[in-house]
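One letter stands for each residue in the lines below.
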Amino acid sequence: NAGVMQNPRHLVRRRGQEARLRCSPMKGHSHVYWYRQLPEEGLKFMVYLQKENIIDESGMPKERFSAEFPKEGPSILRIQQVVRGDSAAYFCASSPPIEGMNTQYFGPGTRLTVL
Amino acid sequence: SQQGEEDPQALSIQEGENATMNCSYKTSINNLQWYRQNSGRGLVHLILIRSNEREKHSGRLRVTLDTSKKSSSLLITASRAADTASYFCATAVPFAGGTSYGKLTFGQGTILTVHP
């Protein structure tokens, strides 16, 4: 059973470009979470999705950021018109649809650098 | 200050010694989890302790939880150089609506260095 997969592992964008980060959860997992980690800091929750639904996006900036988890395919975190402050590591995690089991399995992350 | 703060921020020990890291949090929780992150890598789940548990063991790891003090500790016994990493505690708070699924709130982490 492959773990959580994220791609690309490294992404370089110039200011104003768009960044698209992909996450494939573990097989059988229908819950996906996105977190952002700034240098020397812990992870900050951004958004929690189930298939085709956003459950909680309280940690996601209101502008330029969006996330989706379609019925088919990976979850996508999209950042439009990137700025230097968006440079960070973005981690995706998934968990199984078992009530009360909240262990989240993390992917290797995508390191976004905005020039 | 935020939910889930680790103490100390950095810890340097010799191989074979025990390492203890502490975590404090602010709100009621469903469970508390400890993760390890090697430099530049993703997070590895170490152990989960539920709010109705007081102590849990996994190999060389021992986790305690004191909900009255809103604190947890992670003990790594007989440390090895390979244990060098950042360690994060994360608390799971239920979403509004009563579901048991919870977003994780991470602390700043403890950087552990184990010298051979």
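Now for a look at the structure at hand. (Residues numbered from 1 in each chain as written. Chains lettered and ligands numbered in written order. Predicted model: local features only at pLDDT ≥ 70, side-chain atom pairs only at ≥ 80, totals over all residues. Heavy atoms only, no water.)

**Things to note about unusual backbone geometry**
Here's step 1: Residue Pro8(A) is reached from Asn7(A) by a cis peptide bond, and omega for that bond is -5 degrees.
Here's step 2: The residue after Asp7(B), namely Pro8(B), is reached through a cis peptide bond having omega 0 degrees.
Here's step 3: Backbone geometry places Gln81(A), a non-glycine residue, at a positive phi of 45 degrees.
Here's step 4: If you trace the backbone, Gln81(A) turns up in the loop between strand E8 (75-79) and strand E9 (88-95).
Here's step 5: You can call Gln81(A) exposed: its relative accessible area is 54%. (Helix = DSSP H or I, 4+ residues; strand = E, 2+ residues; numbered from the N terminus. Buried < 20%, exposed > 50% of the residue type's maximum accessible area, 1.4 Å probe, protein only.)

**Re the pattern of salt bridges**
Side chains carrying opposite charge are able to pair once their charged atoms draw close together.
Here's step 1: What the rule picks out here adds up to 7 salt bridges over all chains.
Here's step 2: Linking Lys44(A) and Glu41(A) is a salt bridge whose minimum nitrogen-to-oxygen distance equals 3.7 Å.
Here's step 3: A residue is classified by how much of its surface remains accessible, and Lys44(A), at 36% relative accessible area, is partly exposed.
Here's step 4: Among the salt bridges present, the one from Lys56(B) reaches Glu53(B), with a minimum N-O distance of 3.9 Å.
Here's step 5: Each of Glu18(A), Arg20(A) and Arg78(A) takes part in salt bridges that share partners, so that together they form one network. (Salt bridge = Lys/Arg side-chain N within 4 Å of Asp/Glu carboxyl O.)

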